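# Structural overview
For reference, the chains in residue letters:
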Amino acid sequence: MIERHAHTYPEGKIRLIPFQKEFWREFPAPSGWVEGTWPPTQLRYFGEYLAQLQCKTILVETHYIDRDYIYDTATFYARNLRSYPNYCQRLHFFFEAFDEARWRSLLKDANHGEMPKSLKFLEKGYLGFAVVRPLPGSPIGRTVLPTLGSKTDAGFAREFHSIRDYVVHLAGFKLSVSGLAFQQQDQGVSACATTALWSSLHHVASKEHLYIPTPAEITEAAARYSLAGGRSLPQEGLNLQQISEAIRYFGLSPLIVESQPIEQGVEHDKAQLLGYIASGFAPLLAIRPLAAFEATRRTDGHALCCVGLKMSDQAHQTNENFAFRDTASRLVGLYVHDDRLGPYAFTKLSQYTVKRTSQIRTVLTIAWPDGQPDEDAVLEALVVPLPPKVRLTITRMRALGLSLAQATGQLMPNLGKKVTLNYRYVLAPDYRVAALGFGLSDEGAYALNCETVLSRYLGLLEFAGPNGPLYDVLMDSTETPANPAAIACVCRHGLASKELEIVDSFARKIGARLIK
Amino acid sequence: MKDERHNRADNPQAESNVREGELKPRSEEEKRVWEVLEQARQNVKSVVKKELEAEIVTSELFNLRLRTPAR
């Protein structure tokens, strides 16, 4: 008799296991010789991170079809000698400790008309999920975990502008988690650049109602016209040209900003990072190990997806000739998805004088789970997937913002050089909603919300003093460098009446409408 | 005249200035504010220049391959 293969449908099971910090012990080590070490750093990092989230219970769905993995299988793994299943397992993490009996009672209660009660229990303690792929050496698939709290123990602010809500269906319960998807590179269909871009697109494509591609689709799109490594699969990395091609293919516009040396205290890189990350455009960071940077030989780099900012309380003056402070001076570190490590990994930003060139460059130091810093890496570039109609860059916003901030600091000496400049993109509808809380006059609120035509994304310049916001400048993000782009100057509550005339004069000069 | 103006900002203030030709300050105080603003533009010019240069991508950067394997 011929053996029966695939004659029946698979059966799923749900198991509950208590969480332990040695999370990796739940994963079977690959049998046979593998190139990487075991356990992979990602599993150790997950144990540390979930412990910080105070995870108590893991619920395991033993049969889960994952959209990303099944496409990877169709593109690549289906042609392996080893028969990889097309399904995964999915782990759900909970803050509450509960066992299988409790789980069964939750489902029983829901089945007897008490869904809200069961749902309340599960929702309260839900800490997200991780897909476990049937790939022995790279098991971590699509994972969404929440971020850590908004303040660090030392009082720094954590800001995450690129996260979104993910709806999770578990045995009839609808749960949700707010975060940004992460996954480990498998070196089959994805390398670091693929997974970093995949994470980045998870936010911006969703926000723009565009299709969110799988890693395999990103690799295919990137390799359509250019093969940097000679073959696209197995995936051996992407260059910036290929990354740009993939971004374009999925309906967005790639903006590349090269890292600039720090001169006269002006940290250009921090300004770019702040502007794009605070706007919710998770940029890819291209970095290279410092040791390689010091050497003259060309080396490959690494890609990260930047998700969050670590900010100090006060902006400070970085250049004595400037009469203002740049909000970028508050930036002390970043939270990144590093597929060598895990989601929301902290990386410290510092300065380093390159011996070879004497340039001062922006250096990133990523902290590993055991507290040991990784090797330092030099920032090479940001790659930002932008909606195509956003033509105005942070640099061009800053060109106007820096001039206005400098003039504001000089013309309002009572502010004691404490004028602070901030810059980002906001959606016009969001700004209009917020503006109704600015304390504008009725005429001003009407003029802004009913009579002023705004681009969907606004370039927003914010000027603040010690007593709060002074004024905002709204810029048309669709405009080109050749044309003026200032639409309106909106007065804020921190502006004294005698200073209003100054802002009025600014508005006339830059061709903007004054709204007060 | 009407045809030439249809792509300009919908800004009555700006339009009236355009009608008058070159933008002129309304008062001595406004003149001073504009002078300070122009001086400020000169003060930050080198910063802006540096940052605009960062948006011009070199072929070396464009070909930088990102491929660090997992640890």
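My aim in this report is to walk through the structure given alongside it, one point at a time.

Calculation criteria
- Residues numbered from 1 in each chain as written.
- Chains lettered and ligands numbered in written order.
- Predicted model: local features only at pLDDT ≥ 70, side-chain atom pairs only at ≥ 80, totals over all residues.
- Heavy atoms only, no water.
- Axes fitted to C-alpha atoms, helices over the stretch in contact; angles between N-to-C directions.
- Helix = DSSP H or I, 4+ residues; strand = E, 2+ residues; numbered from the N terminus.
- Parallel < 35°, antiparallel > 145°, perpendicular 65-115°, else oblique.
- Left-handed = near helix turned anticlockwise from the far one by under 90°.
- Contact = heavy atoms within 4.5 Å.
- Nonpolar A, V, L, I, M, F, W, Y, C, P; charged D, E, K, R; others polar.
- Buried < 20%, exposed > 50% of the residue type's maximum accessible area, 1.4 Å probe, protein only.
- Arc of directions from axis to C-beta.
- Buried area = accessible area lost by both parts, 1.4 Å probe.
- Salt bridge = Lys/Arg side-chain N within 4 Å of Asp/Glu carboxyl O.
- Pairing = 2+ DSSP bridges.
- Patch = residues over 30% accessible without salt bridge, like charges linked within 9 Å, V, L, I, M, F, W, Y side chains within 5 Å.
- Areas by Shrake-Rupley, 256 points an atom, 1.4 Å probe, with all protein chains shown as cover.

## Here's the deal with the packing of helix H5 (residues 192-207) of chain A against helix H6 (residues 215-222) of chain A
Residues and elements named next belong to chain A. Two numbers describe how H5 lies on H6: the axes approach to 9 Å, and their chain directions differ by 110 degrees. One finds that H5 runs roughly perpendicular with respect to H6. As H5 packs across H6, the resulting crossing turns out to be right-handed. Taking contact as the criterion, the partners of Thr194, Leu197, Trp198 and Leu201 in H5 are, on H6, Pro215, Ile218 and Thr219. Each residue belonging to the contact of H5 with H6 can be placed in one class, and the counts come to five nonpolar, two polar and no charged.

## As for helix H12 (residues 442-451) of chain A
All names here are of chain A. Listing the buried residues of H12 in full gives Gly444, Ala445, Ala447 and Leu448. Along H12, the residues classed as buried sweep out an arc of 160 degrees about the axis, all on the same side. Opposite the buried face of H12, at more than 90 degrees from it, the exposed residues are Asp442, Glu443 and Cys450. The elements touched by buried residues of H12 are helix H11 (428-435), strand E20 (468-476), strand E21 (486-491) and strand E22 (513-515).

## What to know about the interface of chain B and chain A
Across the boundary between the two partners, chain B contributes 42 residues, which contact 63 residues of chain A. Summed over both partners, the interface of chain B with chain A comes to about 4900 Å²; 58% of that surface belongs to carbon and sulfur atoms. Across the salt bridge formed by Glu263 of chain A and Lys50 of chain B, the nearest N and O atoms sit 3.5 Å from each other. Listing elements by their share of the side of chain B that touches chain A, those giving two or more residues are helix H2 (12-19), helix H3 (28-43), helix H4 (45-53), helix H5 (59-62) and strand E1 (65-66) of chain B. For the side of chain B that touches chain A, the element with the highest residue contribution is H3 of chain B, accounting for nine residues. Of the residues in the side of chain B that touches chain A, the class split is 21 nonpolar, eight polar and 13 charged. Where strand E9 (residues 238-239) of chain A meets E1 of chain B, two bridges bridge the pair, whose relative direction is antiparallel. Each residue of the ladder has a partner; that of Asn239 of chain A, found in E1 of chain B, is Arg65 of chain B.

## Notes on a nonpolar patch on the surface
A contiguous nonpolar surface patch, about 310 Å² in accessible area, is contributed by Ile65, Ile70, Tyr71 and Tyr87 of chain A. For Tyr87 of chain A, the position within the fold is in the loop between helix H2 (67-75) and strand E3 (88-94).

## Some details on unusual backbone geometry
Residues and elements named next belong to chain A. Following Trp38, the chain continues to Pro39 via a peptide bond in cis, the omega torsion being 0 degrees. By secondary structure assignment, the location of Pro39 is in the loop between strand E1 (14-18) and helix H1 (41-52). With phi around 50 degrees, Ala171 is a residue other than glycine that occupies positive phi space. Given the relative accessible area of 40%, Ala171 is considered partly exposed. A positive phi angle, near 50 degrees, is found at Gln264, a position not held by glycine. For Gln264, the position within the fold is in the loop between strand E10 (253-258) and helix H8 (268-278).

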